[in-house]
Amino acid sequence: TRTGGPSSHIVSEERRVRASLCAHGIAPARIWSTATWKHTDVAYPGRRKTRGKGEATHHHVRRTMAMGMDAVGFNIKDGYLDGILRGYKGGLLGATDYTNLGQCESLDDVKLHLEGTDYGAFLQDESTLHTSRIVDKCLAKLVDEWKYLRCNADEPLATFLDYCTYGHMIDNVVLIVSGTLHERDVHELVEKCHPLGLFDAIGTLAVAQNLRELYRLCLVDTPLGPYVSECLSSEDLDEMNVEILRNTLYKAYLEDFMRFCRGLGGETADRMAGLLALDADRRALNITINSIGTELTRDDRRSLYPKLGHLYPDLHVELATCEDLEQVKGTLERCPAYHDVCRRLAYGESQALDKLLYEEEAKLCMLTFQGQFHYASFYAYLKLREQEIRNLMWISECVAQNQRNRIQDGIVPLWS
């Protein structure tokens, strides 16, 4: 027979705490053992501590509430947008959709199938279909979704969402500067910019002749200003310097984004560490492969590698000395995180490496949604939707060029 059960006011207190946590979608830890009325400390599994009934209960009431405070705060501030985001994620195309798209014989068939998905009748006003038009419409849907999330976000989620788009801003800057070097029309270049990376002064980038002018005239008041100020020089902007500018900006951006995520802490920092590490490693590999046979020195390469990732710091030294794709693969094989990638990598195919890294990123992004109460899922959704758009572009091109047998070669799976 049990003796010494909790008094009625203690039981009421426990029920009140449980009801409060459950109302916010949190499953509270048990406070009382089912085997005995003596209290079991949930922080020490397998080890029992007996205290006075009132002291023990109030101690674990406080402990249980502390365990759920982060989750409670997340739901209050960001729970609505997290729910919206997971609804967006549920609208991603699945394996059956890709199978059906692979059987399409024309772009009209592609349009007809997409109308039965979350894309809806987004092409209903298009009389003549082209791959570029399908991609533009898909991108417009993503931009609308992202702007809705950003407009309704509170801090620090709002800043996190801004960080997610800085990469597009960097690509836009490089596109404008590079296009200007080839005497392309500025208005035409602006139309080709990614909508998530636009800013007020983007049209004035064409007047800059070197990095100092680029910073002073165009970027000083943008989020990229601090990144540009770290690489100021008076050298004229040519094709080589533009690519160095791109990689220098990305390096500063990824390192800054990682510091911001670490400041947020918790599961956001843990999951973003893996996602940003993969992005940093991919950029280090691309810098190495693209600089083979150029005048870029080993020290120049290393200075462009982001100081994070699975390859940092030890394998950065070896990667900077690689002179061909075989040596790059040999360096990658020494990193445990990429053993599976190397196993599937055909010798000498840099495009295959890029696709395999995108597949690894997609897997990480899908796993991100298995967690709760973190911001990494927002970053993951943006990456998944962008990859879906690349998949649709590849499928549409294959269908338009009557190369349906090659559709599976370029698709990155986005399903579990």
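Before reading on, note that the structure itself is shown above.
What comes next is a walk through the structure.

Reading guide: rules and limits
- Residues numbered from 1 in each chain as written.
- Predicted model: local features only at pLDDT ≥ 70, side-chain atom pairs only at ≥ 80, totals over all residues.
- Heavy atoms only, no water.
- Helix = DSSP H or I, 4+ residues; strand = E, 2+ residues; numbered from the N terminus.
- Buried < 20%, exposed > 50% of the residue type's maximum accessible area, 1.4 Å probe, protein only.
- Areas by Shrake-Rupley, 256 points an atom, 1.4 Å probe, with all protein chains shown as cover.
- Axes fitted to C-alpha atoms, helices over the stretch in contact; angles between N-to-C directions.
- Parallel < 35°, antiparallel > 145°, perpendicular 65-115°, else oblique.
- Contact = heavy atoms within 4.5 Å.
- Salt bridge = Lys/Arg side-chain N within 4 Å of Asp/Glu carboxyl O.
- Expected span 1.5 Å × (residues − 1).
- Phe/Tyr/Trp six-rings, centres within 6.5 Å; stacked < 30°, edge-to-face > 60°.
- Lys NZ or Arg CZ within 6 Å of the ring centre and 35° of its normal.
- Core = buried A, V, L, I, M, F, W, Y, C linked by side-chain atoms within 4.5 Å.
- Polar contact = N/O pair within 3.5 Å; in protein donor to acceptor, adjacent residues only side chain to side chain.

1. Regarding the overall build of the protein
Counting its secondary structure elements, the protein contains 17 helices and zero strands. Out of the 416 residues belonging to the protein, those deemed buried represent 46%. By element, 48% of the accessible surface of the protein is carried by carbon and sulfur atoms, the whole surface being about 20,900 Å².

2. Description of the packing of helix α5 (residues 131-151) against helix α17 (residues 376-400)
Where α5 contacts α17, the two axes come as close as 9 Å, and the packing angle between them is 170 degrees. When the interaxial angle is binned, α5 and α17 end up roughly antiparallel. For the pair formed by α5 and α17, the contact residues are T131, I134, V135, C138, L139, K141, L142, E145, W146 and L149 on the first element and F378, Y381, L382, R385, E386, I389, L392, M393, S396, E397 and A400 on the second.

3. Describing the pattern of salt bridges
Following the criterion strictly, the structure yields 21 salt bridges and no others. Among the ionic pairs, E145 bridges to K141, the shortest N-O distance being 2.5 Å. Residue E145 and its partner K141 are located together in helix α5, separated by four residues, close to a single helical turn. As far as burial versus exposure is concerned, E145 and K141 are alike and both buried.

4. Things to note about helix α6 (residues 157-181)
Taking 1.5 Å per residue, 25 residues should reach 36 Å; α6 reaches 37 Å between its end C-alpha atoms and fits that length. In terms of burial, α6 is largely enclosed, as 18 of its 25 residues are buried. E183 sits one or two residues past α6 and shows a positive phi near 60 degrees.

5. Points about the packing of aromatic side chains
By the definition in use, this model includes 13 aromatic pairs. A ring pair is formed by F160 and Y375, whose centres lie 5.8 Å apart and whose planes are at 50 degrees; its orientation type is tilted. Taken together, the positions of F160 in helix α6 and Y375 in the loop between α16 (350-368) and α17 put the pair 215 residues apart, joining distant regions of the chain. In this arrangement the basic side chain of R283 is found over the ring face of Y250, its NZ or CZ atom lying 3.4 Å from the centre. Above the plane of the ring of Y358 lies R390, whose end atom (NZ or CZ) is 4.6 Å from the centre.

6. Considerations on the environment of T99
When you line up the elements, T99 lands in helix α3 (residues 95-101). According to the relative accessible area criterion, T99 is partly exposed, its value standing at 44%. Separated by 309 residues in sequence, T99 and Q408 place their C-alpha atoms 9.5 Å apart.

7. Some remarks on the environment of I389
Note on placement: I389 falls in helix α17. It is 6.5 Å that separates the C-alpha atoms of I389 and C138, two residues lying 251 residues apart in sequence.

8. Some thoughts on the nonpolar core
Residues F160, Y253, F257, M272, L276 and F378 are the most contacted members of the largest nonpolar core, which totals 84 residues. Per element, the largest residue contribution to this core is 13 residues, and it comes from α6. Excluding residues within four positions of it along the chain, F257 makes contact with F160, Y163, C164, M272, L276 and Y379.

9. A word on the side chain of E145
E145 sits in the buried class, given a relative accessible area of 7%. At 2.5 Å, the side chain of E145 and the side chain of K141 are in polar contact. Engagement of the side chain of E145 in a polar contact is seen with the side chain of Y381, the distance being 2.4 Å. Excluding anything up to four places from it in sequence, E145 contacts Y88, Y381 and R385.

10. Concerning unusual backbone geometry
A cis amide bond links E155 to the next residue, P156, at an omega of 0 degrees. Mapped onto the elements, P156 comes out in the loop between α5 and α6. Cis geometry is found at the peptide bond from Y312 to P313, where omega equals 0 degrees. Here P313 is to be found in the loop between α12 (298-304) and α13 (314-319). With a phi angle near 60 degrees, F373 is a residue other than glycine that sits in the positive phi range. Within the secondary structure, F373 is located in the loop between α16 and α17. Not every positive phi belongs to a glycine, and N402 is a case in point at roughly 55 degrees.

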